[in-house]
Amino acid sequence: MSGAQELLASVPTQLLVGGRWVDAADRRTFAVHDPATGEVLRDIADAGPREATAALDAAVAAQPGWASTAPRVRSDLLRRTFDLVLERREDLALLMTLEMGKPLAESRGEVTYAAEFLRWFSEEAVRVTGRYGSNPEGSGRVLVSRHPVGPCYLITPWNFPLAMATRKIAPALAAGCTAVLKPAELTPLTSLLFATLLEEAGLPAGVVNVITTTSSADVSAPLIGDPRLRKLSFTGSTPVGRRLIAQSADRVLRVSMELGGNAPFLVFEDADLDAAVEGAMQAKFRNIGQACTAANRFLVHESVSEEFTRRVGERVAALTVGRGTDPDVDLGPLIDDRAVTAVTGLVDDAVRRGAVVAASGTAPHTSGSFFAPTVLSGVQPGSALLTEEIFGPLLAVTSFADEDEAVELANDTEYGLVSYAYTRDLARAHRLVDRLQTGMMGLNVGVVSNAAAPFGGVKQSGLGREGGIEGIDEYLSTKYTLIPA
Ligand code: NAD
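Keep in mind the model is a prediction, meaning the values are calculated, not measured. (Residues numbered from 1 in each chain as written. Predicted model: local features only at pLDDT ≥ 70, side-chain atom pairs only at ≥ 80, totals over all residues. Heavy atoms only, no water.)

**Student:** Can you explain the overall build of the protein chain? Please cite residues and give values.
**Tutor:** Helix and strand content of the protein chain: 14 helices and 20 strands. Over its C-alpha atoms the protein chain spans a radius of gyration of 23 Å, differing by no more than 12% from the 23 Å that the globule rule assigns to 485 residues. Referenced to the eigenvectors of the C-alpha coordinate spread, the extents of the protein chain come out at roughly 70 × 65 × 40 Å. For the protein chain, with 485 residues in total, the buried portion stands at 56%. For the protein chain, the accessible surface area stands at approximately 18,900 Å², while carbon and sulfur atoms represent 51% of it. Taking the 45 positively charged and 59 negatively charged side chains of the protein chain as two groups, their mean positions are separated by 7 Å. (Helix = DSSP H or I, 4+ residues; strand = E, 2+ residues; numbered from the N terminus. Rg over C-alpha atoms; globule rule 2.2 N^0.38 Å. Buried < 20%, exposed > 50% of the residue type's maximum accessible area, 1.4 Å probe, protein only. Areas by Shrake-Rupley, 256 points an atom, 1.4 Å probe, with all protein chains shown as cover. Lys, Arg positive; Asp, Glu negative; His and termini not counted. Charge placed at Lys NZ, Arg CZ, Asp CG, Glu CD.)

This is how it looks when you write it as structure tokens:
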């Protein structure tokens, strides 16, 4: 057996419920595919609502014990898991590349990033503090304490199979919450392998339960409607997020939402163009363009737009597209053929409305879901790619005349996750921080992800923050007690 086959054979294919690996009812399974070849990697359990409810039963049963476990013990478990994730870095990276497609080097980067949430929240677990103050009248004391929210339902997307899971599980466990994790059906294997590392680190039964399913809506509805569930944390698309918020409203369920983005990437006339081109390649092509933080709209000052487009075009034409497991590959396949059709449709729409294909790379003519990276210039208002998430290696340039127009274009979206801006003018940089409607900002930098910083959006990009000292707040509720003096 090759290393990949051995690794795949070692991944659990069942559901983790209450500390036991169990089959779905009627031993139902579904296939997980390699997007670079279309081959089936593994068949895994396909949970229905009954198994999901059993997972919640287990999380509810484990909740009191986990909440009363000493923070230091919870912290140590997360720290051990951090060590184990790094020890198994190569396996986790290979598995992620097999099921998701990104080049191995990027998968290794994701493992490191994902592990950082375990380390960060192992450190935060022992720093959950409250407040003790006196009433302004002087006649009483105010005690503010913080407590675990309770059992959580965590739903993750396919594009960052490990990091999106640790970004939720680590703060939940640190805060003293138990969880049911539902990874995306396209990339569940990484979460299953990760669950074995939690177990190896000493996770008590029922504290984290994992359900894999092709019936996300049917499985999620009863959990969201169950009064024992206290929190829903979702990362995924805005349309699904909207639906889950609506479902949660019936029970006023507490929610965190990490949703879609439509990041502007602003290049001003005073920008360091070398840095802007480098940043553009990262902000656009990391994860094959399939990131919520991917630059979606390149807004470039008219005096440098031609040069910027030419220079990114040269870089794009030199990109190597292929299987993520092959050496020297820059871009892997898109997640599936539907994604290829969607990105192709965005190019056709933009060109029909007047955009020009300024450069393109080449993609292998094999059965995988490959898309040749493309640069468009002169994108016209009304083009679908200006309002929709592109989610692919398509770099679209629009020019602007002055700072006011740049800000207006940048804010002209229902999303507000991240914005990138390249300028050497410090005063302008400060104005942009004030004026851009965004949850995060990369100033002369093309990647902002950082476990120590609060990740999240404004407008329809979401509610709440993950990472940073803010990340654990999502899993804590605040209690105020009045003590008469
Ligand atoms: P998606 O919304 O289709 O799916 C996300 C998850 O929700 C998956 O686990 C899926 O199985 C599940 N799901 C789908 N329909 C559901 C339903 N009706 N009820 C319950 N669960 C349901 O998104 P995706 O295609 O997996 O991921 C890409 C999207 O995620 C993009 O929009 C991207 O911007 C966003 N994303 C956001 C962040 C962030 O932090 N803001 C990070 C990564 C990805």
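Past the structure itself, the notes keep going.
**Student:** For the site of the ligand, give the residues involved together with the corresponding values.
**Tutor:** Taken together, 30 residues form the shell around the ligand, and within it Thr 156, Glu 185, Ser 237, Leu 259 and Glu 389 come nearest. Contact between the ligand and Ser 216: an oxygen atom at 2.8 Å from a side-chain N or O atom of the residue. Those elements that provide at least two residues to the shell around the ligand are α6 (163-175), α8 (216-224), β10 (231-235) and α9 (238-249). Grouping the amino acids of the shell around the ligand by side-chain chemistry returns 15 nonpolar, nine polar and six charged. (Near = heavy atom within 4 Å. Polar contact = N/O pair within 3.5 Å; in protein donor to acceptor, adjacent residues only side chain to side chain. Nonpolar A, V, L, I, M, F, W, Y, C, P; charged D, E, K, R; others polar.)

**Student:** Account for the sheet that holds strand β16 (residues 394-400), with residues named and values stated.
**Tutor:** The strands making up a sheet associate through hydrogen bonds between their backbones, and the pairing can be parallel or antiparallel. Read from one edge to the other, the open sheet built from seven strands follows the order β14-β15-β16-β13-β12-β17-β18, with strand pairing classed as mixed. The sheet is open, and its two edges are formed by β14 (356-360) and β18 (440-443), each paired on a single side. Neighbour-to-neighbour, the strand axes of the sheet open up by a mean angle of 20 degrees, direction not taken into account. Across the sheet, helix α10 (residues 273-285) touches β12 (263-267), β13 (295-301), β16 and β17 (418-422), and the angle it forms with β12 is around 165 degrees. (Pairing = 2+ DSSP bridges. Axes fitted to C-alpha atoms, helices over the stretch in contact; angles between N-to-C directions. Contact = heavy atoms within 4.5 Å.)

**Student:** Let's hear about unusual backbone geometry: which residues, and what values?
**Tutor:** Even without a glycine there, the phi angle at Asn 444 is positive, about 60 degrees. The phi angle at Lys 459 is positive, at roughly 50 degrees, despite the residue not being glycine. Mapped onto the fold, Lys 459 is located in the loop between β18 and β19 (462-463). Looking at Lys 459, the relative accessible area reads 36%, which means it is partly exposed.

**Student:** Describe the environment of Ile 472, naming the residues involved and giving the relevant values.
**Tutor:** Turning to its location among the elements, Ile 472 is positioned in the loop between β19 and β20 (476-484). Given the relative accessible area of 3%, Ile 472 is considered buried. The spatial distance from the C-alpha of Ile 472 to the C-alpha of Phe 121 is 7.7 Å, given a sequence separation of 351 residues. Sequence-distant contacts of Ile 472, defined by excluding residues within four places in its chain, comprise Phe 121, Glu 124, Val 128, Pro 171, Ala 174 and Ala 175.

**Student:** Now, about the pairing of strand β4 (residues 40-45): what can you tell me, with residues and values included?
**Tutor:** Relative to β4, strand β3 (residues 29-33) runs antiparallel, the two sharing five bridges. Bridging across to β4, His 33 finds its partner in Val 40. Linking β3 back to β4 in an antiparallel pair, the connection comprises six residues, with Gly 38 at a positive phi of about 80 degrees.

**Student:** Account for the side chain of Ser 145, with residues named and values stated.
**Tutor:** With respect to the secondary-structure elements, Ser 145 resides in strand β6 (residues 140-148). Excluding its chain neighbours within four sequence positions, the residues that come into contact with Ser 145 are Ser 477, Thr 478 and Lys 479.

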